[in-house]
Amino acid sequence: MKKLIGPKKIKTSIFISGTGSNLKNLINFSKKKNSPINIVLVVSDNKNAKGLNFSKKKKIDTKIYQYTSRISSENKILKDLNKKKAKLICLAGFMKILSKNFIRKFNGKILNIHPSLLPKYKGLNTHKRAIENNEIFSGCTVHLVNSKLDSGKIILQKKIRISKRDNYKTLGKKVLKQEHLLYPRAIKKIISNY
Ligand code: GRF
């Protein structure tokens, strides 16, 4: 019987530095029948990143880059992405800033997830700052990466209410749960425009 072949999946690389709950979530998403992505390479700048356990367990090619120099690490990463024919990069808690040159090479094809309602609270410690400022709402944003930190075009956002009882840890947990729903949706949205 003739095998039915679905639409081609976009070869995707996920970049991490730490816990990797978004990585785990995106791996599960990529394994779904209707997922538009196939994860071909996991990149980490940290050999101790907990997230590396997930990709290894799922036998996804995973590489650690020393980052003693950004230029040489990025060149190695670019070479590996080329070999793997990666067409989309999803940053998921990747703590290194990508150079303008790197971003240009993947222009419009690098996504990041950020734990705030951008343009509010760019950078680190978003939950702590939102609580200290008595914000009523927080949330998360998936955006394209450009050369300015957390400033690229917004693809999707999810807003949540901060309760009076929230501290930065409980808020962080709530937002992370929403991140896991938002990132796959944003990927689908961006790929539908390819
Ligand atoms: C997430 O909160 C993400 O928004 C931010 O870094 C964190 C990564 O978490 N960019 P994890 O490693 O995916 O659990």
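Residues numbered from 1 in each chain as written. Predicted model: local features only at pLDDT ≥ 70, side-chain atom pairs only at ≥ 80, totals over all residues. Heavy atoms only, no water.

As a further point, take unusual backbone geometry. With an omega dihedral of 10°, the bond running from L118 to P119 counts as a cis peptide bond. Mapping P119 onto the fold places it in the loop between β5 (110–114) and α5 (126–132). At K59, a residue that is not glycine, the phi angle is positive and equals roughly 55°. Structurally, K59 can be placed in the loop between α2 (52–57) and β3 (62–64). We classify K59 as exposed; its relative accessible area is 73%. (Helix = DSSP H or I, 4+ residues; strand = E, 2+ residues; numbered from the N terminus. Buried < 20%, exposed > 50% of the residue type's maximum accessible area, 1.4 Å probe, protein only.)

Turning next to the site of the ligand. In the neighbourhood of the ligand, the contacting residues comprise T19, G20, S21, N22, G93, I113, H114, P115 and E179. G20 is positioned such that a nitrogen or oxygen atom in its backbone is 2.7 Å from an oxygen atom of the ligand. Measuring from an oxygen atom of the ligand, one finds a side-chain N or O atom of E179 at 2.9 Å. If the ligand stood free it would expose 370 Å²; the protein chains cover 81% of that surface. Listed by contribution, the elements that provide at least two residues to the shell around the ligand are α1 (21–30) and β5. Among the residues forming the shell around the ligand, the class breakdown is two nonpolar, six polar and one charged. (Near = heavy atom within 4 Å. Polar contact = N/O pair within 3.5 Å; in protein donor to acceptor, adjacent residues only side chain to side chain. Areas by Shrake-Rupley, 256 points an atom, 1.4 Å probe, with all protein chains shown as cover. Nonpolar A, V, L, I, M, F, W, Y, C, P; charged D, E, K, R; others polar.)

Moving on to the nonpolar core. In terms of nonpolar packing, the biggest core is built from 35 residues, with L111, Y183 and I187 touching the most fellow members. Put simply, the parts of the chain that give this core at least two residues each are β1 (10–16), α1, β2 (37–44), β4 (88–91), β5, β6 (137–144), β7 (154–161) and α6 (168–192). Per-element accounting of this core gives the leading share, eight residues, to α6. Sequence-distant contacts of I187, defined by excluding residues within four places in its chain, comprise L26, F29, P36, I37, L88, C90 and L111. Membership of the second largest hydrophobic core comes to 19 residues, among which are L41, I77, A86 and I89. (Core = buried A, V, L, I, M, F, W, Y, C linked by side-chain atoms within 4.5 Å. Contact = heavy atoms within 4.5 Å.)

In the structure shown here, the tally under the stated rule is seven salt bridges. One salt bridge in this structure joins E132 and K128, with 3.3 Å as the shortest N-O distance. Within this pair, E132 and its partner K128 are both found in helix α5, separated by four residues, close to a single helical turn. Taking the relative accessible area as the measure of exposure, E132 reaches 52% and is therefore exposed. Members of the salt-bridge network, linked through shared partners, are K63, D80 and K83. (Salt bridge = Lys/Arg side-chain N within 4 Å of Asp/Glu carboxyl O.)

Two elements in contact, α1 and α6, have axes whose closest approach is 10 Å; the angle formed by their N-to-C orientations is 45°. When the axis of α1 is compared with that of α6, the two are oblique. Our pair here, α1 against α6, has a crossing hand that is right-handed. Across the interface between the two elements, S21, N22, N25, L26 and F29 from α1 touch L176, E179, H180, Y183, P184, I187 and K188 from α6. (Axes fitted to C-alpha atoms, helices over the stretch in contact; angles between N-to-C directions. Parallel < 35°, antiparallel > 145°, perpendicular 65-115°, else oblique. Left-handed = near helix turned anticlockwise from the far one by under 90°.)

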